[in-house]
Amino acid sequence: MKIVKTIAEMRFIRASLPEPLGFVPTLGYLHEGHLSLVRQARTDNASVVVSIFVNPTQFTPSDDLDRYPRDLEGDISLLCKEGVDAVFAPSVDEMYPPRFDSRVEVDKLTRRLEGASRPGHFAGVTMVVAKLFNIVQPARAYFGQKDAQQAIVIKKMVADLNMNLEVITLPTVRQQDGLAMSSRNSYLSADERQAALVLYRALMLEQGLWSQGDKDAEKLRNEMVKLIGKEPLATIDYISITDNETLEELKEVRPPALVSLAVKIG
Ligand code: AMP
C-alpha cells in the first residue's frame, strides 16, 4: 500500500491503478464505519484509494478542529489489512496553498439541517471533496448514511457539475447497543456515552410508531422530543423529518423520508 502526501505523486500513482477505482474520503481516526465503506469499495472496484485529511475549511469557528482525534499510523495499519492500494494524506498547505481562491458550493440543500446549525460547513465539504475527486479521479465514491445530508449534498454536486462518477451511500454502522460509530465518540465520558444512546432510541421509537400507522410528522417529532427530554445530559439542536432528496420538511411521512437529529450530549 502506497502512502501518498503530494498531489503530484497521487496523480502519478493513480495513472497506473486499474479501473474502475473506488474512493473513500475520510478525516481519519478510522473505525468499523469507515472500514465498511472501504470493504464495499474493495468489492466493487479493481483498485481502492482512501484519503485521510482533516479539512480545516469544513470546521466552523465553534467546531473542534484543534482537538479532532488523529492517528495516521493506526489508520494506515487498518487500511493495509483491507487491501487498499493507496492512502492519500496531504498536508493543509498541499491542499490549500497560499492565495487559494476558489469555492464550490451547493446552495439550497446546504441551508437546511446541519447547514443551518453549522454555517459554512458544507461549503468546506463540497470544496474539498471536489478537489479530491479531481485529484483521485474515481469511478465510484463511498459515503456513510450517518452523515445523511453530506451524502445528499455530494450527490447533488456531482449531478449539477457533471462529475463523471457514481456516489454510493452505505448504512450507518453501530456499536452493539445502537450508538453510531464516530471518531468523535472518543470525546464522550462513560456517562455521556450511555446518554448518547437516546439518539438511537429516538430513531427506533419513530420507526416503530411510523410502522404502526402514525404518519403525522409533527406528532412523531414531538414523541422524539419527549423521549430525548427525559435524558438530562441531552440538549436537542434539531430533529427533522424531511424528503430524502430535497430535504424539505414533511407534514405527512411517506417514503423516501429522512429522519435526522442533532443532539448535544454533555
Ligand atoms: P469522517 O471521517 O467522519 O469524515 O467519515 C468519512 C466517511 O465515513 C463519511 O462518508 C462518513 O459518513 C462515513 N462514516 C463515518 N462513520 C460511519 C458509520 N458509523 N457508519 C457508516 N459510515 C460512516
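Because the structure is a prediction, the values reported are computed rather than measured.

Calculation criteria
- Residues numbered from 1 in each chain as written.
- Predicted model: local features only at pLDDT ≥ 70, side-chain atom pairs only at ≥ 80, totals over all residues.
- Heavy atoms only, no water.
- Domains from an automatic or database assignment.
- Contact = heavy atoms within 4.5 Å.
- Buried area = accessible area lost by both parts, 1.4 Å probe.
- Salt bridge = Lys/Arg side-chain N within 4 Å of Asp/Glu carboxyl O.
- Buried < 20%, exposed > 50% of the residue type's maximum accessible area, 1.4 Å probe, protein only.
- Core = buried A, V, L, I, M, F, W, Y, C linked by side-chain atoms within 4.5 Å.
- Helix = DSSP H or I, 4+ residues; strand = E, 2+ residues; numbered from the N terminus.

Undergrad: Outline the domain arrangement of the protein chain, listing residues and values.
TA: Segmentation of the protein chain into domains returns domain 1 (2–170) and domain 2 (188–265). Domain 1 puts eight residues into the contact, and the matching count from domain 2 is 13 residues. For the pair domain 1 and domain 2, the summed buried area comes to about 820 Å², and 63% of that belongs to carbon and sulfur atoms. The largest per-residue losses of area from domain 1 upon contact with domain 2 belong to Arg112, Leu113 and Ile152, which jointly make up 59% of the total buried on that side. On the surface where domain 1 and domain 2 come into contact, there are zero salt bridges.

Undergrad: Tell me about the pattern of salt bridges, residues and numbers included.
TA: Scanning the entire structure with this criterion turns up 17 salt bridges. Its salt-bridge partner being Arg118, residue Glu114 comes within 3.2 Å of it at the nearest N-O pair. Accessibility assignment for this pair places Glu114 and Arg118 in one class, buried. When the shortest N-O distance is used, the salt bridge between Lys146 and Asp147 registers 3.6 Å. When its relative accessible area of 37% is taken as the criterion, Lys146 is described as partly exposed. Judged by relative accessible area, Asp147 falls into the partly exposed class, the value being 34%. Members of the salt-bridge network, linked through shared partners, are Glu32, Arg39 and Glu82.

Undergrad: Can you tell me about the nonpolar core, naming the residues and giving the values?
TA: Met95, Phe133 and Ile154 are the most contacted members of the largest nonpolar core, which totals 42 residues. Elements with a minimum of two residues in this core: α1 (7–14), β2 (21–26), β4 (86–88), α6 (121–136), β5 (140–144), α7 (148–160) and β8 (257–265). Residue contributions to this core peak at ten residues, all from α6. Split by domain, the residues of this core number at least three in each of domain 1 (2–170) and domain 2 (188–265). Residues contacting Phe133, with those up to four places away along its chain left out, are Phe23, Pro138, Ala141, Phe143, Ile154, Met157, Val158, Met163 and Leu165. Ranked by size, the runner-up nonpolar core spans 18 residues in total, among them Ile228, Leu261, Val263 and Ile265.

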